[in-house]
Amino acid sequence: MQPIEQFFPNLNKPFKAVITCHQKPDGDAMGSTLSLYHFLKSLGHDVVVISPTNWAQFLDWMPGVEEVIDFEANREKSTELVNNADYIFCLDFNILHRTKHLEPVIAASKALKILIDHHQQPDTPNFHYGISDVKMSSTCEMIYDFIVQSGHSNMINIDIATCLYTGLMTDTGSFRFPSTTASVHKIVAHLKELGLQHAKIHENIYDQGSEARLKFMGNAFLNRMQVFPELNTAIMSIPKTDIYRFDLKTGDTEGLVNYLLSIRGIRLAAIVIDREEERKWSFRSKGNFDVNIFARTHFEGGGHANAAGGRSSKSVEETAEDFKNIIIDYKTQLTQ
Ligand code: 5GP
Ligand code: MN
């Protein structure tokens, strides 16, 4: 993979590009793809954003989101766009299989692939240009740098600023995680100078939930949570019946795992949700318990040191039991 700077001269020649991200895009995935979309479009390029799957409703207010193509709902059109692209920008994921069923389509395309990402252990040999930096708070921070370092700082308009802020805010837990550096705050200051309406963005992301979602959460805390104080660990397992009973939509469980870390002393939080095709794990930790390694070792996943995901093909009860047995072996690390 060549350094991203080597790609900058290509920005001056017209091209066709597809921008994509990981399946079930979150605020950073959608924010980074859309900010890059607005930027490349204003440079005159022929660009389209293809999401591998659908996304949470709480992202539907974002500028440009109405132009995003859902691959699973438009396979033919998306495949044609990928096949005809000169470049495919791969944002906010480290390995192609994070694009789910879009993976073989991207892999088969002759387009040059560009990686911009902050997850651990990127599959760099499969990309032509790129930058991968786990120290970055968010892919949106990296898109900001991409625009500035390629000499286009003056092109950051209010739409780009809004999309960038969305990823910066969501991936830093509203600017509280250790990844929130001085650079992050300086970027936000710059975006504010451009007229960013930050309070409105917080409202759009965090205050659009349904009444049923809050009832689901109440039920989850009361009936689906187990705390193991001797291991500084809390776990929640969500059966499919809860998803139907509370009519949950994509994105309704996002952030739930973080609440488990709000219990005093808890250093490892885990939630497993019974999804259609698999049991999906989310792991969060505080301090030096590395959930990326934990998820890779035990649950076919990965991510960051303090936030990772994984999966299991077992039943939700079985995989939750597995987790409880596995963490006993980590007692020293979890309690030292
Ligand atoms: P979440 O728990 O919010 O789904 O994911 C937490 C972090 O781990 C995100 O950065 C996400 O991209 C990453 N992640 C989630 N699931 C997986 C997975 O199965 N494999 C890898 N490599 N990363 C994952
Ligand atoms: Mn991210």
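Residues numbered from 1 in each chain as written. Chains lettered and ligands numbered in written order. Predicted model: local features only at pLDDT ≥ 70, side-chain atom pairs only at ≥ 80, totals over all residues. Heavy atoms only, no water.

Draft legend 1. Spotlight on the packing of aromatic side chains. For the structure shown, the criterion picks out 21 aromatic pairs. Plain terms: the ring middles of Phe-283 and Phe-299 are 5.5 Å apart, the flat faces sit at 40° to each other, and that makes the pair tilted. Residue Phe-283 is located in strand S11 (residues 279–285), and its partner Phe-299 is located in the loop between helix H11 (291–298) and strand S12 (302–303); the two are separated by 16 residues in the primary sequence. Here Phe-294 and Phe-299 contribute two aromatic rings whose centre-to-centre distance is 6.1 Å and whose plane-to-plane angle is 45°, an arrangement assigned as tilted. Taken as a pair, Phe-294 and Phe-299 share a single burial class, namely buried. One aromatic cluster is present, built from ring pairs that chain together Trp-281, Phe-283, Phe-289, Phe-294, Phe-299, Phe-323 and Tyr-330. (Phe/Tyr/Trp six-rings, centres within 6.5 Å; stacked < 30°, edge-to-face > 60°. Helix = DSSP H or I, 4+ residues; strand = E, 2+ residues; numbered from the N terminus. Buried < 20%, exposed > 50% of the residue type's maximum accessible area, 1.4 Å probe, protein only.)

Draft legend 2. Main features of the sheet that holds strand S2 (residues 16–21). Taken together, the seven strands give an open sheet; going across it, the order is S1-S7-S6-S5-S2-S3-S4, and neighbouring strands pair in parallel fashion. One side of each edge strand has no neighbouring strand; the edge strands of this open sheet are strand S1 (2–3) and strand S4 (69–70). Of the strands in this sheet, S2, strand S3 (46–51), S4 and strand S5 (87–91) touch helix H2 (residues 75–84), which is tilted by about 130° from S3. (Pairing = 2+ DSSP bridges. Contact = heavy atoms within 4.5 Å. Axes fitted to C-alpha atoms, helices over the stretch in contact; angles between N-to-C directions.)

Draft legend 3. Looking closely at the layout of surface pockets. Taken as a whole, the second largest pocket spans an internal volume of roughly 160 Å³. Secondary structure elements with two or more residues in the lining of the second largest pocket: strand S8 (225–228), strand S9 (233–238) and helix H12 (316–328). No other element matches H12, which puts five residues into the lining of the second largest pocket. Among the residues forming the lining of the second largest pocket, the class breakdown is six nonpolar, two polar and four charged. (1 Å grid on protein atoms, 1.4 Å probe; cavity = no way out; pocket = protein on both sides within 12 Å on 5 of 7 lines; lining within 4 Å. Points joined across faces, edges and corners; volume = space filled by probe spheres on them. Nonpolar A, V, L, I, M, F, W, Y, C, P; charged D, E, K, R; others polar.)

Draft legend 4. Fine view of the site of ligand 1. In the vicinity of ligand 1 there are 13 residues, among which Arg-98, His-119, Lys-280, Ser-282 and Arg-284 approach most closely. In this structure, His-119 approaches ligand 1 through a side-chain N or O atom, which is 2.7 Å from an oxygen atom. The contact in question runs from an oxygen atom of ligand 1 to an N or O atom on the side chain of Ser-282, over 2.6 Å. Coverage of ligand 1 by the protein chains reaches 84% of its 490 Å² of free accessible surface. Looking at the shell around ligand 1, the elements with two or more residues in it are S11, S12 and strand S13 (307–312). (Near = heavy atom within 4 Å. Polar contact = N/O pair within 3.5 Å; in protein donor to acceptor, adjacent residues only side chain to side chain. Areas by Shrake-Rupley, 256 points an atom, 1.4 Å probe, with all protein chains shown as cover.)

Draft legend 5. Seen up close, the coordination of the manganese ion (ligand 2). Taken together, the protein ligands of the manganese ion (ligand 2) are Asp-28 (OD), Asp-92 (OD), His-118 (NE2) and Asp-171 (OD), with distances of 2.2 to 2.4 Å. Mapping the donors of the manganese ion (ligand 2) onto the primary sequence gives the spacing D-x63-D-x25-H-x52-D. One end of the pair, Asp-28, is in helix H1 (residues 27–42); the other, Asp-171, is in helix H5 (residues 158–171), and 143 residues separate them in sequence. Judged by relative accessible area, Asp-171 falls into the buried class, the value being 18%. (Donors = N, O, S within 2.8 Å, 3.2 Å for Na, K, Ca; no water.)

Draft legend 6. Layout of the pattern of salt bridges. All chains considered together, the criterion is met by twelve salt bridges. Taking the shortest distance from any N to any O, the salt bridge between Glu-72 and Lys-100 comes out at 3.6 Å. Pair noted here: Glu-72 is in the loop between S4 and H2 and Lys-100 is in the loop between S5 and helix H3 (103–108), with a separation of 28 residues, a long-range link. Using a relative accessible area of 32% as the deciding quantity, one classes Glu-72 as partly exposed. Of the charged contacts, one joins Arg-279 and Asp-274 as a salt bridge, the two residues approaching to 3.0 Å between their closest N and O atoms. For Arg-279, a relative accessible area of 11% corresponds to the buried category. When salt bridges that share partners are traced, they join Glu-72, Lys-100 and Glu-277 into one network. (Salt bridge = Lys/Arg side-chain N within 4 Å of Asp/Glu carboxyl O.)

Draft legend 7. Structural detail: the nonpolar core. Ranked by size, the top nonpolar core spans 52 residues in total, and within it Phe-89, Phe-146 and Leu-191 carry the most contacts. Here this core gets seven residues from one element, more than from any other, and that element is H5. Among the nonpolar cores identified, the runner-up in size contains 21 residues, and Leu-268, Val-272, Val-316 and Ala-320 belong to it. (Core = buried A, V, L, I, M, F, W, Y, C linked by side-chain atoms within 4.5 Å.)

Draft legend 8. Here's a closer look at unusual backbone geometry. Its identity as a non-glycine residue notwithstanding, Asn-232 has a phi of 50°, on the positive side. Structurally, Asn-232 is set in the loop between S8 and S9. At Asp-247, a position not held by glycine, the phi torsion is positive, near 50°. Mapping Asp-247 onto the fold places it in the loop between helix H9 (240–245) and helix H10 (256–260).

Draft legend 9. Structural view of the side chain of His-22. Positionally, His-22 belongs in the loop between S2 and H1. Here the side chain of His-22 touches Asp-92 through a polar contact of 3.0 Å, side chain to side chain. When sequence neighbours within four positions are dropped, the list of residues in contact with His-22 reads Ala-29, Pro-52, Leu-91, Asp-92, Phe-93 and Arg-98.

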